[in-house]
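Here is how the chains run, residue by residue.
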Amino acid sequence: MKLLYKLLIRLTLSLGVISYLLTVGIAFVKNGFVIGVLSASLPLLSNAYWTYALWSEPDKFYQLYVSGQILLFLCIIFSFALHKLKS
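In short, a report on the structure.

Criteria and thresholds
- Each residue is numbered by its place in its chain's sequence as written, counting from 1.
- Where local features are concerned, this predicted model is filtered to residues with pLDDT of at least 70; where side-chain atom pairs are given and counted, the filter is 80 or more; whole-chain, interface and lining totals use all residues.
- Calculation of side-chain values draws on the structure's entire complement of heavy atoms; hydrogens and water are dropped beforehand.
- Only the stretch in contact is used when a helix axis is fitted, and all axes are lines through C-alpha atoms; the angle between N-to-C directions ranges over 0 to 180 degrees.
- Secondary structure counts use DSSP, requiring at least four H or I residues in a row for a helix and at least two E residues in a row for a strand, with both numbered from the N terminus.
- In these notes the angle categories are as follows: under 35 degrees is roughly parallel, over 145 is roughly antiparallel, 65 to 115 is roughly perpendicular, and the rest is oblique.
- By convention, the crossing between two helices is left-handed when the near helix turns anticlockwise from the far helix through less than a right angle, and right-handed when the turn is clockwise.
- Contacts are residue-level and defined by heavy atoms, with any inter-residue pair within 4.5 Å sufficient.
- Patches in this entry comprise residues that are over 30% relatively accessible and not in a salt bridge; like charges within 9 Å are linked, as are nonpolar side chains (Val, Leu, Ile, Met, Phe, Trp, Tyr) within 5 Å.
- Computed by Shrake-Rupley with a 1.4 Å probe, the accessible areas treat only the displayed protein chains as cover when residues are assessed.
- By salt bridge we mean one thing: a side-chain nitrogen of Lys or Arg within 4 Å of a carboxyl oxygen of Asp or Glu.

Before going further, it helps to spend a moment on the packing of helix 3 (residues 43–53) against helix 4 (residues 60–86). The contact between helix 3 and helix 4 brings their axes to 9 Å, and the two run at 135°. Judged on the interaxial angle alone, helix 4 and helix 3 are oblique. Crossing hand, helix 3 versus helix 4: left-handed. Residues Asn-47, Trp-50 and Thr-51 of helix 3 lie in contact with helix 4, whose contacting residues are Tyr-65, Val-66, Gln-69 and Leu-72.

Our focus in this paragraph is a nonpolar patch on the surface. Residues Trp-55, Ile-70, Phe-73, Leu-74, Ile-77 and Phe-78 make up a contiguous nonpolar surface patch of roughly 640 Å² in combined accessible area. Looking at the secondary structure, you find Ile-77 in helix 4.

Functional significance is not addressed by these values, which are geometric in nature.
Dropping the structure here:
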């Protein structure tokens with residue numbers, strides 16, 4: 001159980017960092033410098049916003065981004081659940 005928890009935490013942190021960088025990059029490309037800086041300063045809010053905004057985009061990159069956000073959300077939920085079970 002402890003090994004699973006450690007692996008899940010590492011996966012969650014890795015996905016979180018990748019997600020943060022992609023979100024800031026998408027914000028800079030789509031809406032410019034000010035929105036990019038705003039997205040960089042509000043990571044959880046901007047991840048939720050960009051996931052919602054890009055939900056129906058047909059581009060494969062954006063579909064992969066949204067799928068990654070859903071995976072990150074599930075990893076966070078499972079990490080919290082395993083942490084509660086562990087303690």
